[in-house]
Every structure is written in structure tokens, then in C-alpha cells.
Amino acid sequence: MNLDVDLLMELQYNLPLTTSPLSDLAENLGRSEDEVFEAVREYMASGVIKRYGLNLNYRAFSGYRRAALVGFRASSVKEVAERINRYDEFRVKHNFLRDAYYNVWFTVKGRDVEEIEGVVEKLASECRVEDFVILPTKRVYKMDVKYDLEKGVSWSERGLEPENVPLVRELGLDEEFVRSLESLEIAKRPFSKFSGYSEEEVVDVIKELMAKGVGRDFSGVLRERKVGFKENGMTVLRISKKPEKVAMFLLQKFPQITHLVERIVNEKWNYPVYFMVHAISKGPIEKIRQQILQIEDVEEAETIYSKANLRER
């Protein structure tokens, strides 16, 4: 498939937050509405575009205040994947087969760590998985997945994530309404369908949510393999001291990073800082890993590559 790079880049990085976002996107590109709408529909149907709308911060939702990265050592990957995927994508966002001792990696969200542990232990029992690690999130520094189709590597200059995010219900908003803003219809006026709000009011709500950290940004989301990004590397760092200092340095110096998280470790997995980079080949990811090994206090940097996205069917 020949990709319309200009359109897909603009959709990711410069989608107008207006009552007619796709129409205004077409105007910014100097193209007709019909051309842009047809392209977006085709890309959506083929899976190149996953969705477009407000990208949400899960911590703003009452049942999802905490999260953990989980690694299973699974012998029956298909069975494990099927059971994990029974949970919706808000509860279990990622599910990857990776080239490592713990080969199935997924994230779980819950009210607290105890609830997450209950979910994971139940899954492990159902799947007859005896060896696994649960790594609760201690601090999210960055969460912004964008693919630079010109550079061939993920790229975002988004700054530090807010440490504290208000609950949606504390803002007087319905959680289902806010979640529905994440995946909008392909329409000239996608906000006209929300009863109880004018289109302008919905735009104002989105702006408020972004200002408060409930929404990260307003953009299109692409599927990496559909746009030629065949590699994603989960790099984990063993650090002698001050993980937060290393994390802040990474945030400032490496815009290729999409996810940057400090995690609570245990005796089986002592890598407190974790980050993701996506690229068309392993070259850019390996280059970053080598550069990071030169950073003070970084004792080890191991990159675990994805073999398959177990969420995608």
C-alpha cells in the first residue's frame, strides 16, 4: 500500500481541534474534503488508522487509577493471549509476544495494586502459568505514541506527564461520555451526535480535559505495522541510583521514546526504568540503547523486541 505520508503525518501531529476537524485538516493540506474523507475511510477500513479523537489518561477514571506491566512465561501463547484479550482495551491496553524469558507482556489497570494482582493471579491460574512478574507503575514520565513516517522512527516532543490527574467524575462529567471522545466518527461534524452538548461545548470540554491532563492530545492514532514500523523495542534499564534522574534525562534528550515509565521492581526483575521506541528497523532502536549505556548510573540496558501484537487479530 502506498501511504499518503502528508495526510497521516498531519492527522497525527496537527489535527485541528474544531467542530469540523477533518474538514479543517483538508483545508490545511490544500485538498478537497471529499479526497481527505475518502482517504481516511479507506485507511480506517484497512486498519492503517486505528481511530482519531481525544487520547485519554487512564488515571482519570475511577476504576483505573493504577497500572502494572506484567510478564508471563507462557508455553501456550495462543491460549494465554485469548484469555487476556477477553478484557477490554481500557483494562488491558497492550498484549505482546516478546523475545525474552518472560515472553508474553501486557498491561493491566485497576483501582489499586491489590486488584491488579488479583486479575493477574486469576489469569495465571486459568492459563497454568507458574512464573510471572507484576511491575506496578511508580511514575509515568511520558506516554505519546506517534510515528514519524519521514524519519522512520517514533517521534514526539511531548513534555513531562502530570503526576496528579483529577478524576473525570470530580470534573462533573460522565465517564462514558468522555471515553466516547476517544474514537470519533468519520463525519464533517463529529461532535453533533452528543446529546446535551452543543458542538462548541464539546470542543471546550476537550480543551479543558487536555488542560487538566485527563486528555493528552487530540490526534489520529495509527497501527505501527500498517505504516511500515516493523520493530518495537521495550528497553529496560538497571540503574545504580536515582532512577528519576535518568528518566528525566531520557525525556529531555530522546524524542524517539513513546512510553517512559518508572516501575516498582522485585527480586525477579530489577529494572526500574522502562521505555519504548518504534521504528522501521532495529537500527535506530539499537543506536539509542548504545547511547543510553553511556549515561551515568545506567548499569545495563536490555532491549526486548516484539515478535507479535497479540491484541491484533
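About the criteria used
- Residues numbered from 1 in each chain as written.
- Predicted model: local features only at pLDDT ≥ 70, side-chain atom pairs only at ≥ 80, totals over all residues.
- Heavy atoms only, no water.
- Salt bridge = Lys/Arg side-chain N within 4 Å of Asp/Glu carboxyl O.
- Helix = DSSP H or I, 4+ residues; strand = E, 2+ residues; numbered from the N terminus.
- Buried < 20%, exposed > 50% of the residue type's maximum accessible area, 1.4 Å probe, protein only.
- Expected span 1.5 Å × (residues − 1).
- Arc of directions from axis to C-beta.
- Contact = heavy atoms within 4.5 Å.

## Remarks on the pattern of salt bridges
Any two side chains of opposite charge can pair if their charged atoms end up close together. Summed over all chains, the structure comprises 22 salt bridges. A salt bridge links aspartate 4 to arginine 31; its shortest N-O distance comes to 2.5 Å. Taken together, the residues span a long stretch of sequence, with aspartate 4 in the segment before helix 1 (5-13) and arginine 31 in the loop between helix 2 (21-29) and helix 3 (33-46) at a distance of 27 residues. One salt bridge in this structure joins aspartate 131 and lysine 268, with 3.0 Å as the shortest N-O distance. On the criterion of sequence distance, the pair formed by aspartate 131 in the loop between helix 5 (113-127) and strand 5 (132-143) and lysine 268 in the loop between strand 10 (257-263) and strand 11 (273-279) is long-range, its members being 137 residues apart. Taking relative accessible area as the criterion, lysine 268 reaches 41% and is therefore assigned partly exposed. Bridged by salt links that share partners, the residues Glu79, Arg83, Lys122, Glu126 and Arg128 form one connected network.

## Considering helix 7 (residues 199-211)
The α-helix advances 3.6 residues per turn, and as a result positions three or four apart in sequence lie on the same side. Compared with the 18 Å implied by 1.5 Å per residue over 13 residues, the 19 Å span of helix 7 between its first and last C-alpha is a close match. For helix 7, the set of buried residues is Glu199, Val202, Val203, Val205, Ile206 and Leu209. One side of helix 7 carries all its buried residues, which in axial view fall inside an arc of 155 degrees. Looking at the buried residues of helix 7, the elements they touch are strand 1 (49-56), helix 6 (175-180) and strand 8 (215-222). Note on helix 7: the residue one or two positions beyond its end, glycine 213, has a positive phi of about 85 degrees.

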